[in-house]
Amino acid sequence: MLNDALPVLACPHCGGALERVGRTVHCGNGHAFDIARQGYVSLLSGSGQAAQGDTAAMVAARGRFLDAGHYGPLMDAVAGEVARLQQRHPGGCVLDVGAGTGHYLAAALAQAPAAIGLAVDAAKAAARSAAHCHPRVGSVLADVWRQLPIADSSIGVALTVFAPRGPAELHRVLTNNGALIVATPTPRHLRELVGPLDLLGVDERKPERLEQAMGGHFARRRHTLLEFTMSLGHKDIEDLVGMGPSAWHSTEAQRQANPGRTADRERLGGDLRVPAAAPLASRQVAQRGGCGGPRSAKLHNLAKRRGGGQPSTAA
Ligand SMILES: C[S@@+](CC[C@H](N)C(=O)[O-])C[C@H]1O[C@@H](n2cnc3c(N)ncnc32)[C@H](O)[C@@H]1O
Ligand SMILES: [Zn+2]
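The structure presented is a predicted model; accordingly, all values stated were derived computationally and were not measured.

**So, the overall build of the protein chain**
A tally of regular secondary structure across the protein chain gives 12 helices and 11 strands. Split into buried and exposed, the 315 residues of the protein chain put 42% on the buried side. Considering only intrachain contacts with a sequence separation of at least 6, the fraction spanning at least 24 residues in the protein chain is 69%.

**Considerations on the confidence of the model for the protein chain**
Looking at the protein chain, the pLDDT average stands at 84 and 83% of residues meet or exceed 70. Note that pLDDT drops below 50 for residues 290-315; the model gives that stretch 48 contacts with residues more than four away or on any other chain.

**Let's talk about the packing of helix H2 (residues 56-67) against helix H9 (residues 234-243)**
At a closest axis distance of 8 Å, the pairing of H2 and H9 adopts a crossing angle of 135°. Judged by the inter-axis angle, H2 sits oblique to H9. Crossing handedness for the pair H2 and H9: left-handed. On H9, the residues touching Ala57, Met58, Ala61, Arg62, Arg64 and Phe65 of H2 are Asp236, Asp239, Leu240, Gly242 and Met243. Along the lines of polarity and charge, the residues of the contact of H2 with H9 split into six nonpolar, one polar and four charged.

**Notes on the sheet that holds strand S1 (residues 19-21)**
Here three strands make up an open sheet; going across it, the order is S1-S2-S3 and the pairing antiparallel. Every interior strand has two partners, whereas the edge strands, S1 and strand S3 (32-34), have only one. The sheet shows a mean angle of 30° between the axes of neighbouring strands, taken without regard to direction. Alignment of strand S2 (residues 24-26) against S3, held across three bridges, turns out to be antiparallel. Paired with His26 across the two strands is Ala32, which belongs to S3.

**Quick notes on the site of ligand 1**
Neighbouring residues of ligand 1: 21 residues in total, closest Ala51, Gly53, Gly98, Gly100 and Ala122. Class assignment for the residues of the shell around ligand 1 results in 12 nonpolar, five polar and four charged.

**Points about helix H4 (residues 103-110)**
Where burial is concerned, most of H4 is hidden: seven out of the eight residues are buried. Of the positions making up H4, those classed as buried are His103, Tyr104, Leu105, Ala106, Ala107, Ala108 and Leu109.

**Topic: unusual backbone geometry**
Phi is positive for Phe162, which is not a glycine, with a value near 55°. With respect to the secondary-structure elements, Phe162 resides in the loop between strand S8 (155-161) and helix H6 (167-173). Accessibility expressed as a C-beta count within 10 Å gives 19 for Phe162, which makes it partly exposed. Positive phi values are uncommon outside glycine, yet Leu190 reaches one of about 60°. On the secondary structure map, Leu190 appears in the loop between strand S9 (174-183) and helix H7 (191-197).

Criteria and cut-off values
Residues numbered from 1 in each chain as written. Chains lettered and ligands numbered in written order. Predicted model: local features only at pLDDT ≥ 70, side-chain atom pairs only at ≥ 80, totals over all residues. Helix = DSSP H or I, 4+ residues; strand = E, 2+ residues; numbered from the N terminus. Buried ≥ 20, exposed ≤ 12 C-beta atoms within 10 Å, placed from the backbone. Contact = placed C-beta atoms within 7 Å. pLDDT = per-residue confidence, 0-100. Axes fitted to C-alpha atoms, helices over the stretch in contact; angles between N-to-C directions. Parallel < 35°, antiparallel > 145°, perpendicular 65-115°, else oblique. Left-handed = near helix turned anticlockwise from the far one by under 90°. Nonpolar A, V, L, I, M, F, W, Y, C, P; charged D, E, K, R; others polar. Pairing = 2+ DSSP bridges. Near = placed C-beta within 6 Å.

Right under this line is the structure:
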């Protein structure tokens, strides 16, 4: 429930602590945010173009695909890693950025009975789904490319599964002994489908770019390459295409303009064995420097006031 996650949330405008009064959460400076009927709260901030999360159709396709269990081995591995980390530091908050439907967070909480969960996503459909994925989850609409509406050093474990992530912000919100679990696809992921279905492939240099982005903020502690084969029928393949980045590129107009590809899709209708390949890396928060602007200091003080974390400038 959202109430469980309130202690780690921070006002996106001023960094103040948030309290709930009826269907609204507000900070001490009068910034107020309505709780949607579906149970999530929008803490989107700032002006300019809002983040473009997945569409409702993409989120629904992802929900069906995950319900069918095709990514079960990945989900089990993520939940197992959260459980392992919880043995050392039980309780606290597990954050999932780009949480989508909330399936991974729910699986993780099922193995972490003392923890609460916070799902963050930029898509309303995802926030709606995640709000009900598990009784201990709070769901927030926010953009991971901006400052997260989360207090400094308030999160024990953060997850990012096939989702965008801002390393500096994740570093800020994690406790000093916090950990970040990252799952990203390798170029082998779904490879047999990429050509025939004209899907967007994974850039060969992605692992290298990920290392560069994470270095400085996180030290890699454990790394497991998960490879498994999925047996997919026609509907599963439709959902897989519909939930992924290629969904943005496969409008009806494009399908009509490229009937060969459409025929290929239909030919792929039978049972297919498709490889999934995703390294799962567990990273430890790197030693913190003394940087951080006024907002960081404000959020840092907020965490200290709440007793919710350790000082973010510890050597
Ligand atoms: C590929 S899906 C992965 C969802 C989930 N982690 C899973 O694996 O089932 C990526 C998710 O990131 C979300 N997303 C995209 N851009 C975002 C942003 N700037 N801020 C927050 N979420 C974002 C999308 O709405 C989508 O739910
Ligand atoms: Zn405020």
